Amino acid sequence: MIKLLRYLILILVYLALTGSFQCTYAQKNVESEWVKHVIANQINQDHGHSVNKGDFNGDGRIDISIAWGQRDGGKSTDGIWWYECPSNPTDSWTKHRITHPNNLVLWSMAHAVGDIDNDGDLDVIALGFDRGDVQLAVNPLKNGGDVNQPWPTFKIWANSSRKRDGERCEIIDIDGDGYKDFVFPRGLDPQSAFILFNPNGNPAGNWTQKELGGIAGSDAHDIYVTDIDNDGDPDVISASGDGMIRGAIYWFEHPNGNPRNGSWTRHRVDSENWNYGGLNIEDIDGDGYKDILCNHAHHTPGACGYPDSPSVLWFKNPKGSGRWTEYGIGKQAYPHAASLIDVDGDGVNELWVPDASNKPGDCNYGQYSGGLVYFKRGADPTQPWEKYRVAKAPAVGRQGAVYDIDRDGDLDIAISSDHDGNHNISLVWWENMYQSRPGPR
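It should be emphasised that the depicted structure is a prediction, and the values quoted were computed from it without experimental measurement. (Residues numbered from 1 in each chain as written. Predicted model: local features only at pLDDT ≥ 70, side-chain atom pairs only at ≥ 80, totals over all residues. Heavy atoms only, no water.)

Visitor: How should I be thinking about the side chain of K387 in this particular structure?
Guide: Tracing the backbone shows K387 in strand β26 (residues 386-391). One buried charge, K387, has no salt-bridge partner; the nearest side chain with opposite charge is D355, at 9.2 Å. (Helix = DSSP H or I, 4+ residues; strand = E, 2+ residues; numbered from the N terminus. Buried < 20%, exposed > 50% of the residue type's maximum accessible area, 1.4 Å probe, protein only. Lys, Arg positive; Asp, Glu negative; His and termini not counted. Salt bridge = Lys/Arg side-chain N within 4 Å of Asp/Glu carboxyl O.)

Visitor: Would you explain the sheet that holds strand β21 (residues 312-316) in this entry?
Guide: Sheet strands associate in pairs through backbone hydrogen bonding, adopting either a parallel or an antiparallel arrangement. Spatial strand order, β19-β20-β21-β22: 4 strands in an open sheet with antiparallel pairing. Since the sheet does not close on itself, it has two edges, and those belong to β19 (276-282) and β22 (325-330), each with one partner. Each strand of the sheet is rotated relative to its neighbour by a mean of 25 degrees, with strand direction disregarded. Pairing geometry for strand β20 (residues 291-296) and β21, over 4 bridges, is antiparallel. Its bridge partner being in β21, C294 is matched across the sheet by L313. (Pairing = 2+ DSSP bridges. Axes fitted to C-alpha atoms, helices over the stretch in contact; angles between N-to-C directions.)

Visitor: I'm lost on the environment of P152 in this one. Help?
Guide: Position of P152 among the secondary structure elements: in the loop between β9 (133-137) and β10 (153-158). The partly exposed category is assigned to P152, whose relative accessible area is 40%. Distance from P152 to A137, taken between C-alpha atoms, is 5.7 Å for residues 15 residues apart in sequence. With sequence-adjacent residues up to four places away left out, P152 is seen in contact with L136, A137 and V138. (Contact = heavy atoms within 4.5 Å.)

Visitor: Teacher, can you tell me more about the pattern of salt bridges here?
Guide: Side chains that carry opposite charge are capable of pairing whenever their charged atoms lie near each other. In this structure the tally under the stated criterion is 13 salt bridges. A salt bridge links K316 to D285; its shortest N-O distance comes to 2.4 Å. Placement of K316 in strand β21 and of D285 in the loop between β19 and β20 is noted, with a sequence separation of 31 residues between them. Note that K376 is salt-bridged to D346, the shortest N-O span being 3.2 Å. Of this pair, K376 sits in strand β25 (residues 372-376) while D346 sits in the loop between β23 (339-341) and β24 (350-354), and the two are 30 residues apart along the sequence. Three or more residues are tied together by salt bridges with common partners; here these are D344, D346, E350 and K376.

Visitor: Could you clarify how one ought to interpret the nonpolar core in this entry?
Guide: As a rule of thumb, nonpolar side chains are buried together in soluble globular proteins. Core analysis: the largest hydrophobic core is formed by 18 residues, its most contacted members being I39, I64, W68, Y83, W93 and L427. For this core, the secondary structure elements donating two or more residues are β2 (34-44), β4 (63-68), β5 (79-84), β27 (400-403) and β29 (424-432). Formed by 17 residues, the second largest nonpolar core is a distinct cluster that contains A112, L127, L196 and W207. (Core = buried A, V, L, I, M, F, W, Y, C linked by side-chain atoms within 4.5 Å.)

Read these as layout, nothing more, since geometry by itself doesn't imply function.
Spelled out as structure tokens, the structure:
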């Protein structure tokens, strides 16, 4: 028996030394803990990439906004719409147009919600993909207008040579003047991150442009604004790429006291040149500094020539300066977008990562292989996170809007899909049934 125990110990030591004894990326099926409710179905469109939320009509219920569109435009449903939440969110949601038909946003992959003119209601700013334009739709609610009709829409920026992509943008006051500005990325060469400074709440005024600096690749995916170096002012983080390579994660350091005219110093986060997307920010390890969560956006692990390696990652903040350390969270097909959501109500966020495929059989789009999943961290977040499957493929999606949709005390998520090959897509919300789950949690 002693010899056998010694033999087993030797085997374990050998496996550890040779790297054969590795952490596995576990997965659990939790399909029974989520119920899908359809808000809009079989829209004759190609894309519904961008989803957001807000109480657009002031009735106290949170509504959903979405960008319907296709690359060549021309459909009656192109543009930004909002869906009015009924008193019972499992009932029918009423659709209303936001962007005016005379000022359409074509193939928008990102829009942001915020009060631009300081009148107390929520406005919308949207990016156009191919035309290089930015459109502001002003909510008429507080001015006595009809919020159910198309909103007054203003083109606040246009540059046909600075176009393509932009899948996350933000409305936030960068310069501290009391008016919210607009921060967004633009792709193609040269790629860059931009700020449009608010002209004192006048939508038709002169929005002053500030170009922060270069980002990597033609797919200028995401922008996130937060104080990443703990110095009290907002910095800008970008995640972008081109195909599988030529990508980067950067953060631009706020020039203290002079964001309009000062130089925003660029810092590199990653070291791999992947195509990055699905950007989120949170202090993962509890050290008081915000870390960066980001994905290899065009990576399907182990398929189509892609390495069988983690595609969902987080980067540890070096406390303001120095090298960022990368950790693998898990594997997911084509993880173009992600959302932080506290699924189980324990005060710690999980990471919701849909498979963003939209072309079955095309290696560049994940082949509908990932489905809807979320990742839950353990006691040591530097180790692989546990993976939970909410729905099998092709329940695909991109950006999600996380909030308590049914007002039952837990967080749900609204999400859209790309087309199914027949130009039909859907907008749904997933009801979190975790608290109803029987047995130990």
